[in-house]
Amino acid sequence: AQSVTQPDIHITVSEGASLELRCNYSYGATPYLFWYVQSPGQGLQLLLKYFSGDTLVQGIKGFEAEFKRSQSSFNLRKPSVHWSDAAEYFCAVELDAGGTSYGKLTFGQGTILTVHP
Amino acid sequence: GAVVSQHPSWVICKSGTSVKIECRSLDFQATTMFWYRQFPKQSLMLMATSNEGSKATYEQGVEKDKFLINHASLTLSTLTVTSAHPEDSSFYICSAEGTSGSLDEQFFGPGTRLTVL
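The shown structure was predicted, so the numbers you read here are calculated from the model rather than taken from an experiment.

Enquirer: I tried to follow the overall build of chain B on my own but got confused; where do I start?
Expert: Counting secondary structure elements, chain B contains 0 helices and 11 strands. Over its C-alpha trace chain B gives a radius of gyration of 13 Å, about what one expects of a compact globule, namely 13 Å for 117 residues. Seen along its three principal axes, the alpha-carbon backbone of chain B occupies a region of about 40 × 25 × 20 Å. Going through the 117 residues of chain B one by one, you find that 47% of them count as buried.

Put into structure tokens, the structure is as follows:
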């Protein structure tokens, strides 16, 4: 079964500092890959996604992620964090349409980001 | 972007009672909706896939007789927790896919906090 691991439960950074959130997945083929952000009282919002092609993906709010097949990783990055980025971040994978899990997302455990002024 | 609402946002009930949670796509039609459960400090776990006009597909380990799902229209899916017990206390989140059939994105509701006394 596919699995997603986010090794860091909680990360604290200073405003303006760079950020990298780690995500590793376990699956034989390359799944579709996603990063979501969850703020209190709000639904998960999609930051970016990778289906195929360029392994460096640009998302909203200045986020980007790089897919590395050799490392089965899809780490999320941002060069300069803003206080409003404080939230919980989830990495997720989805099997492709040729599999049996069409539309089903498997989520990592989440990483809580705290931003110090 | 597309908006998904959930009602109620929180509910407290007595053990043994049933609770219904609604998930609505407000500005698009959703042929497929998903129900997730999120325990404290844990990730979202898919419970079931709900397709309009057909029976829901439940994930392994999820009791279909306890978690009744109805997807009667293209904008509404309901989850009924029957004979709720304290161990059912959790955060229930729904998501919806559009009728385009695209794998692009699931839109998430803000979640419903269920507390069973």
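Back to the write-up after that little detour.
Enquirer: Would you mind going over a nonpolar patch on the surface with me for this structure?
Expert: A cluster of nonpolar side chains, Trp 10, Ile 12 and Leu 117 of chain B, forms an exposed patch at the surface whose accessible area comes to about 390 Å². Note that Leu 117 of chain B resides in the segment after strand 11 (112-116).

Enquirer: Explanation requested: unusual backbone geometry in the structure shown.
Expert: As a rule of thumb, non-glycine residues mostly have phi less than zero, and peptide bonds are mostly trans rather than cis. Here the residue pair His 7 of chain B and Pro 8 of chain B is connected by a cis peptide bond, since its omega of 0° sits within 30 degrees of zero. Secondary-structure assignment places Pro 8 of chain B in the loop between strand 1 (4-7) and strand 2 (10-13). Backbone geometry places Lys 61 of chain A, a non-glycine residue, at a positive phi of 60°. Within the secondary structure, Lys 61 of chain A is located in the loop between strand 7 (56-58) and strand 8 (64-68). With relative accessibility at 47%, the residue Lys 61 of chain A sits in the partly exposed group. Despite not being glycine, Ser 72 of chain A shows a phi value in the positive range, around 50°. Counting through the fold element by element, Ser 72 of chain A comes out in the loop between strand 8 and strand 9 (73-78).

Enquirer: Teacher, can you tell me more about the interface of chain A and chain B here?
Expert: Frequently, the measure chosen for interface size is the accessible area that the parts lose on association. Contacts between chain A and chain B engage 21 residues on the former and 21 residues on the latter. Summing both sides of the interface, chain A and chain B together bury roughly 1600 Å²; the carbon and sulfur share of this comes to 55%. Linking chain A with chain B are 1 salt bridge. In this structure, the salt-bridge partner of Glu 59 of chain B is Lys 104 of chain A, at a minimum N-O distance of 2.9 Å.

Enquirer: What should I look at first to understand the nonpolar core in this one?
Expert: Most often, soluble globular proteins have nonpolar side chains that are buried together. Grouped together as the largest cluster of nonpolar side chains are 26 residues, with contacts concentrated most on Trp 35, Leu 48, Phe 74, Leu 76 and Tyr 89 of chain A. Mapped onto this core, the elements with two or more residues apiece are strand 2 (10-14), strand 3 (19-21), strand 5 (32-38), strand 6 (45-50), strand 8, strand 9, strand 10 (87-94) and strand 12 (111-116) of chain A. Those residues within four positions of Leu 48 of chain A in sequence are excluded, and the remaining contacts are Leu 33, Phe 34, Trp 35, Val 57, Gln 58, Gly 59, Phe 63, Glu 64, Ala 65, Phe 74 and Leu 76 of chain A. Counting residues in each nonpolar core, the second largest holds 24 residues, with Trp 35, Ala 56, Phe 67 and Tyr 92 of chain B among its members.

Reading guide: rules and limits
Residues numbered from 1 in each chain as written. Chains lettered and ligands numbered in written order. Predicted model: local features only at pLDDT ≥ 70, side-chain atom pairs only at ≥ 80, totals over all residues. Heavy atoms only, no water. Helix = DSSP H or I, 4+ residues; strand = E, 2+ residues; numbered from the N terminus. Rg over C-alpha atoms; globule rule 2.2 N^0.38 Å. Buried < 20%, exposed > 50% of the residue type's maximum accessible area, 1.4 Å probe, protein only. Patch = residues over 30% accessible without salt bridge, like charges linked within 9 Å, V, L, I, M, F, W, Y side chains within 5 Å. Areas by Shrake-Rupley, 256 points an atom, 1.4 Å probe, with all protein chains shown as cover. Salt bridge = Lys/Arg side-chain N within 4 Å of Asp/Glu carboxyl O. Contact = heavy atoms within 4.5 Å. Buried area = accessible area lost by both parts, 1.4 Å probe. Core = buried A, V, L, I, M, F, W, Y, C linked by side-chain atoms within 4.5 Å.

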